[in-house]
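Here is what each chain is made of, one letter per residue.
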Amino acid sequence: MNSIEIKHLSFSYGKKIVLNNINLSIGNGLYGLLGKNGAGKTTLMKLIVGLLPKSKGQIKVCGETDPKKIRSVVGYLPQDFDFYPDMKVREALNYLGILDNMKGSQLNQRVDELLGLVNLSQDQNKKIKDLSGGMKRRLGIAQSLLNNPHVLIVDEPTAGLDPEERIRFRNLLSDLSAEKIVLFSTHIASDLESTANRLGILDNGHFIYDGSVEDLLKEYSGGTYETIVNRKDYTSFKSQYIVFEQKELAEGILVRFIHYGRPLAQFKRISPNLESAYLMKIYDRRR
Ligand SMILES: Nc1ncnc2c1ncn2[C@@H]1O[C@H](COP(=O)(O)OP(=O)(O)OP(=O)(O)O)[C@@H](O)[C@H]1O
Ligand SMILES: [Mg+2]
């Protein structure tokens, strides 16, 4: 069984504490790391991969604590993945494979396999600068899988993708998580709603949630509402409630919003989705 074990991990950039006493234990499956901009997701991932020196604490991946050994079992797709623009897709994978000590028919076979897996076989002779954002991200996944890692760490892989490419990408990660740990960061809750076995919410360098999607939805099952607001009342409505979805209708503005405390009898209760439960968790802490 693969594992990531993190104990009392802290990290600071200068005087700024970015991660504060993180404890986390993950096994196979897709673990979604959710948090807004600046929450510390990239920092945590870079620490696990060994690209940053930790300030305090322990990181163990598949039983290894030595960053070099950890790197040999981990595949990583950085948030800002890019590669030589004039290189062709297949050439890039070949090149990276050689750096990974692969060669000859073993390398050729692996590159074929990966191109198929990420659906880039048809585009293997395209230059990287001619790839779409989604194709480039898929090339990024292929490079992270070259050494058949036990753990795959992907940092916001769905940012900027169109809905179809997003779904394709999520499904690919979900397939890979059958035999690996896939640690997938995003700030878009819906990315994780149907794919994540477990979810961690990072806020300001702390985990404020670590558990299943279902349990989070249960925790906030009572606080999500829907109503139609007159246009003239909308500003005042927005100052009272946390609106997470809105839609223009002929009769006014349809709003979905969250509210803590006693149920509001005048509004229609609706089931929370991961987005609203996530927002409730974040705002709950700040109340
Ligand atoms: N090289 C750096 N030097 C100083 N501060 C940094 C550096 N990189 C990140 N930070 C700070 O660390 C905090 C966490 O950043 P991090 O990139 O880990 O967040 P994130 O959750 O990945 O955000 P995003 O969703 O925007 O990618 C932020 O406050 C950021 O400003
Ligand atoms: Mg980031």
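Rules and cut-offs
- Residues numbered from 1 in each chain as written.
- Chains lettered and ligands numbered in written order.
- Predicted model: local features only at pLDDT ≥ 70, side-chain atom pairs only at ≥ 80, totals over all residues.
- Heavy atoms only, no water.
- UniProt positions renumbered as here; feature names shortened; annotations may be inferred.
- Axes fitted to C-alpha atoms, helices over the stretch in contact; angles between N-to-C directions.
- Helix = DSSP H or I, 4+ residues; strand = E, 2+ residues; numbered from the N terminus.
- Parallel < 35°, antiparallel > 145°, perpendicular 65-115°, else oblique.
- Contact = heavy atoms within 4.5 Å.
- Nonpolar A, V, L, I, M, F, W, Y, C, P; charged D, E, K, R; others polar.
- Salt bridge = Lys/Arg side-chain N within 4 Å of Asp/Glu carboxyl O.
- Buried < 20%, exposed > 50% of the residue type's maximum accessible area, 1.4 Å probe, protein only.
- Near = heavy atom within 4 Å.
- Polar contact = N/O pair within 3.5 Å; in protein donor to acceptor, adjacent residues only side chain to side chain.
- Areas by Shrake-Rupley, 256 points an atom, 1.4 Å probe, with all protein chains shown as cover.
- Donors = N, O, S within 2.8 Å, 3.2 Å for Na, K, Ca; no water.
- Pairing = 2+ DSSP bridges.

The protein has the name ABC transporter, ATP-binding protein in an unreviewed UniProt entry, where Eremococcus coleocola ACS-139-V-Col8 is given as its organism. According to UniProt, the comment filed for the protein under the heading Sequence similarities (unreviewed entry) is "Belongs to the ABC transporter superfamily."

## Some thoughts on the packing of helix α5 (residues 133-144) against helix α6 (residues 163-176)
Two elements in contact, α5 and α6, have axes whose closest approach is 10 Å; the angle formed by their N-to-C orientations is 10 degrees. Judged by the inter-axis angle, α5 sits roughly parallel to α6. Between α5 and α6, the residues in contact are Gly134, Met135, Arg137, Arg138 and Ile141 and Glu165, Arg168, Phe169, Leu172, Leu173 and Leu176, respectively. Tallied by class, residues from the contact of α5 with α6 come to 6 nonpolar, 1 polar and 4 charged.

## Topic: the pattern of salt bridges
For the structure shown, the criterion picks out 19 salt bridges. A salt bridge links Glu165 to Arg138; the shortest N-O distance between them is 2.9 Å. Here the residue Glu165 occupies a position in helix α6, and Arg138 occupies one in helix α5, the gap between them amounting to 27 residues. In this structure, the salt-bridge partner of Glu165 is Arg168, at a minimum N-O distance of 3.2 Å. Placement of both Glu165 and Arg168 in helix α6 is noted, with a separation of 3 residues, approximately one turn of the helix. Its relative accessible area of 10% is what places Glu165 among the buried residues. The exposure class assigned to Arg168 is partly exposed, which follows from its relative accessible area of 34%. One salt-bridge network, in which partners are shared between bridges, spans Glu226, Glu245, Arg256 and Lys268.

## Quick notes on the site of ligand 1
Around ligand 1, the surrounding shell holds 13 residues, and the nearest of these are Gly38, Gly40, Lys41, Thr42 and Thr43. Contacts to ligand 1 include Lys16, whose side-chain N or O atom sits 3.5 Å from an oxygen atom. Between Thr42 and ligand 1, the recorded distance is 2.7 Å, taken from a side-chain N or O atom to an oxygen atom. Coverage of ligand 1 by the protein chains reaches 63% of its 630 Å² of free accessible surface. When contributions to the shell around ligand 1 are tallied by element, the ones reaching two or more residues are β2 (16-26) and α1 (41-49). Here the element with the most residues in the shell around ligand 1 is α1; it accounts for 3 residues. The class makeup of the residues in the shell around ligand 1 is 3 nonpolar, 6 polar and 4 charged.

## Comments concerning the coordination of the magnesium ion (ligand 2)
At 1.9 to 2.2 Å from the magnesium ion (ligand 2) lie its protein donor atoms, namely Thr42 (OG1) and Gln79 (OE1). Here Thr42, found in helix α1, pairs with Gln79, found in the loop between β5 (74-77) and α3 (89-99); they are 37 residues apart in sequence, far enough to count as distant.

## What to know about the sheet that holds strand β1 (residues 4-13)
Taken in spatial order, the 3 strands of this open sheet run β2-β1-β4, and their pairing is antiparallel. Every other strand in the sheet has two partners, leaving β2 and β4 (56-61) as the edge strands with one partner each. For this sheet the average axis-to-axis angle between neighbouring strands, irrespective of direction, equals 25 degrees. In this sheet, β2 lies alongside β1 in antiparallel orientation, the contact comprising 7 bridges. Within β2, the position partnered with Glu5 by the bridge is Ser25. Against the sheet, α1 touches β1, β2 and β4, its axis set at about 120 degrees to β1.

## Let's talk about the environment of Tyr220
Residue placement: Tyr220 occurs in the loop between α8 (213-219) and β10 (224-229). Residue class for Tyr220 comes out buried when judged on its relative accessible area of 6%. When the C-alpha positions of Tyr220 and Ile258 are compared, they lie 9.4 Å apart, and in sequence the two are 38 residues distant. For Tyr220, the residues in contact, after removing those within four places along its chain, are Tyr260, Pro272, Ala277, Met280, Lys281 and Asp284. Side chain to side chain, Tyr220 and Glu219 meet in a polar contact 3.4 Å long.

## Here we look at unusual backbone geometry
Positive phi is not limited to glycine here, since His8 has a value of about 45 degrees. Relative to the helices and strands, His8 is located in strand β1. Positive phi is not limited to glycine here, since Asn204 has a value of about 55 degrees. Looking at the secondary structure, you find Asn204 in the loop between β8 (198-203) and β9 (206-211). Asn204 sits in the exposed class, given a relative accessible area of 55%.

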